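Chain by chain, the residues:
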Amino acid sequence: MQSSLRFTEAKSARPPFSFGTRRSALLAALACCAVAALGTQSPAPAAEETPQYGGTAIAALGAEPAVLNPDISVGVPDIFTGCILYDALVRFGEGFKIVPSLAKSWEIAPDSLTYTFHLETANWADGKPVTSADVKFSLLELSSKYGAKFNSPGRAIQDIDTPDPLTVIIRLSKPFGPFLFSLACEQNAAVLPAHVFRGTDVFKNPATLTAPIGNGPFQLAEWVRGDHLTFTRNPNYWMKGKPYLDRIIVKIMPDSAARILALQAGEVDFVDEYYFPLSAHMIFANDPRFELQEVSYPSNDLIILNTRRAPLDKPKVRQALLTALDRNFIHKNVFHDIGAPAVSAIDTRIKWANNPAVNYDKMYAYDPARAAKLLDEAGVRPGADGTRFAMRVSFDTGRPEYTSWAQAMQRYWQAVGIKVVLEGAERPVVLKRVYTDYDFDATLQNYTTSGDPALGISRIYATESIKQGQAFNNASGYSNPEIDELFSKGRDAASQDERAKYYFKIQELIASDLPTLTIHQQTEVDAASVRLRGMWKAANYQWWHEAWLRK
């Protein structure tokens, strides 16, 4: 029950971390300690172990969740905490295999238009049963309307029948290849309580903001703003014998170096990939007290340009901006040679959809002279002081590499006459500035591909994804009817080969228009103490119901 929830303000929140020599010195010192420790630590335990009950796991995030509703946000803190509180119909297993969750089984009709799900018997935290009506309400009234990742699958739903409390029949208007893939919690498809949200403003509902009523393995017990959230074991969880942990404490630690020091010192057990600095990769890879795990589907680091504003409304200006960047330098020195420079709007790791004929390395190789020429041709010439125009770049200082990335961009763009003003801030400030106020010229963001262009990439470019006030949609304002039609055809085509044809053409068009500059293919790495076991049975977000502490 939620009556025991405590919600308070921290007396003093940690200040956002300022990247620079202090961070470098701390990480260098940690590296020395890690090397010195080699040979003195016991090896990680064998894979086959018997889970133990009890204990408190401590996880670190770099920012506080804006909401506790995983269907209306794709922000990392929001999904991380939301999917501790709520389950969905399915979840991801190893290799992105779709495995049962609240749906214990399902059938798909031969024409791929009808999906029938059979539900587990489960209850909400307030004691009411989880029913097929909750699934219908969640998918139609929450996920489809407010979930950036569920936008495309939501449009494919024709109707949902609920013949009994434990049966859900979803009918599609046309085949949608990744539909089953779309029904996981981190895809904005958690099952939420209809009796709590129906007839309310979802964004102001207490269950979204401070008092969730979940069906997942843990319940929110305390939230000290700016410091931590405490989740306690759901004693009535539908999955018998789970979870193993008594509680999870999620500490809010904006300071990147502080997160690493805390993990080293044993003060936290887990750092999520989004907040684990790539510069620390080798430190922990060489220390047997810790385990690193590559997780998630491919994600990309982007420069989103506000095409509503001149001169960013000109494709030649956007081409010049990409040409002026030494992306290989950024890859090696900002992203520590982990991942790869991006060469197209669709990640090369989604092999079937990536067009090998589109290659930014060849089309927009680093060439300041050519960049200056493109700006001249666009009519953006330098003034008496050598400045062509000014740009404000907004970015999240909680993302470990982004300050260094912004500083590198500033140097490269200023070299061709563009005055760059860096506006780093904490995540909530950046999200409001970019997605609600459109008060930016360029912003650094990380978007997951969700493993399929229809789920994670179309939202960057499609006109229908221009949704002011909703984060991680089309913030650039770019609108191209041909692109819109191609994304629709690529989503709806029956076979992967047919879908690829439309995505190949999309990449050719975007490579010319460049409303968003895809800079880097990110490798996502979680870091944890070897004491924390059972976490990584999934390809994406962690299975906290399976997590346990070795005593």
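Note that this is a predicted model, so its numbers are computed, not measured.

### As for the nonpolar core
Then step 1. One finds Ile 170, Ile 303, Trp 405, Trp 413 and Trp 544 to be the most contacted residues of the largest nonpolar core, which totals 169 residues.
Then step 2. Not counting residues within four places of it along the chain, the set of residues in contact with Trp 405 comprises Asp 301, Leu 302, Ile 303, Ile 330, Val 334, Phe 335, Leu 444 and Ile 519.

### Re the confidence of the model for the chain
Atom-level detail of predicted coordinates should not be read off regions where pLDDT is low.
Then step 1. Per-residue confidence for the chain gives a mean pLDDT of 90; residues scoring 70 or more make up 90%.
Then step 2. Every residue in residues 9-46 scores below 50 in pLDDT, and together they form 64 contacts with partners more than four places removed in sequence or on other chains.

### Some thoughts on the packing of aromatic side chains
Then step 1. Using the criterion set out here, one finds 22 aromatic pairs in the structure.
Then step 2. On the basis of an interplanar angle of 75 degrees and a centroid distance of 6.1 Å, the ring pair of Phe 80 and Trp 544 is categorised as edge-to-face. Residue Phe 80 is located in helix 2 (residues 76-85), and its partner Trp 544 is located in the loop between strand 21 (532-533) and strand 22 (548-549); the two are separated by 464 residues in the primary sequence. Assigned by exposure class, Phe 80 and Trp 544 land together as buried.
Then step 3. An aromatic cluster is built from Trp 106, Tyr 115, Phe 117 and Phe 179, whose rings are joined through pairwise contacts.
Then step 4. The ring of Tyr 274 has Arg 399 sitting right over it, with the charged end atom 3.8 Å from the ring centre.

### Observations regarding the packing of helix 9 (residues 315-323) against helix 12 (residues 368-377)
Then step 1. Where helix 9 meets helix 12, the closest approach of the two axes is 8 Å, and the angle between their N-to-C directions is 170 degrees. Relative to helix 12, the element helix 9 is oriented roughly antiparallel. Crossing geometry of helix 9 relative to helix 12 is assigned as left-handed. Across the interface between the two elements, Lys 316, Val 317, Gln 319, Ala 320 and Thr 323 of helix 9 pack against Arg 370, Ala 371, Leu 374, Leu 375 and Glu 377 of helix 12.
Then step 2. Class assignment of the residues belonging to the contact of helix 9 with helix 12 gives a composition of five nonpolar, two polar and three charged.

About the thresholds
- Residues numbered from 1 in each chain as written.
- Predicted model: local features only at pLDDT ≥ 70, side-chain atom pairs only at ≥ 80, totals over all residues.
- Heavy atoms only, no water.
- Core = buried A, V, L, I, M, F, W, Y, C linked by side-chain atoms within 4.5 Å.
- Buried < 20%, exposed > 50% of the residue type's maximum accessible area, 1.4 Å probe, protein only.
- Contact = heavy atoms within 4.5 Å.
- pLDDT = per-residue confidence, 0-100.
- Phe/Tyr/Trp six-rings, centres within 6.5 Å; stacked < 30°, edge-to-face > 60°.
- Helix = DSSP H or I, 4+ residues; strand = E, 2+ residues; numbered from the N terminus.
- Lys NZ or Arg CZ within 6 Å of the ring centre and 35° of its normal.
- Axes fitted to C-alpha atoms, helices over the stretch in contact; angles between N-to-C directions.
- Parallel < 35°, antiparallel > 145°, perpendicular 65-115°, else oblique.
- Left-handed = near helix turned anticlockwise from the far one by under 90°.
- Nonpolar A, V, L, I, M, F, W, Y, C, P; charged D, E, K, R; others polar.

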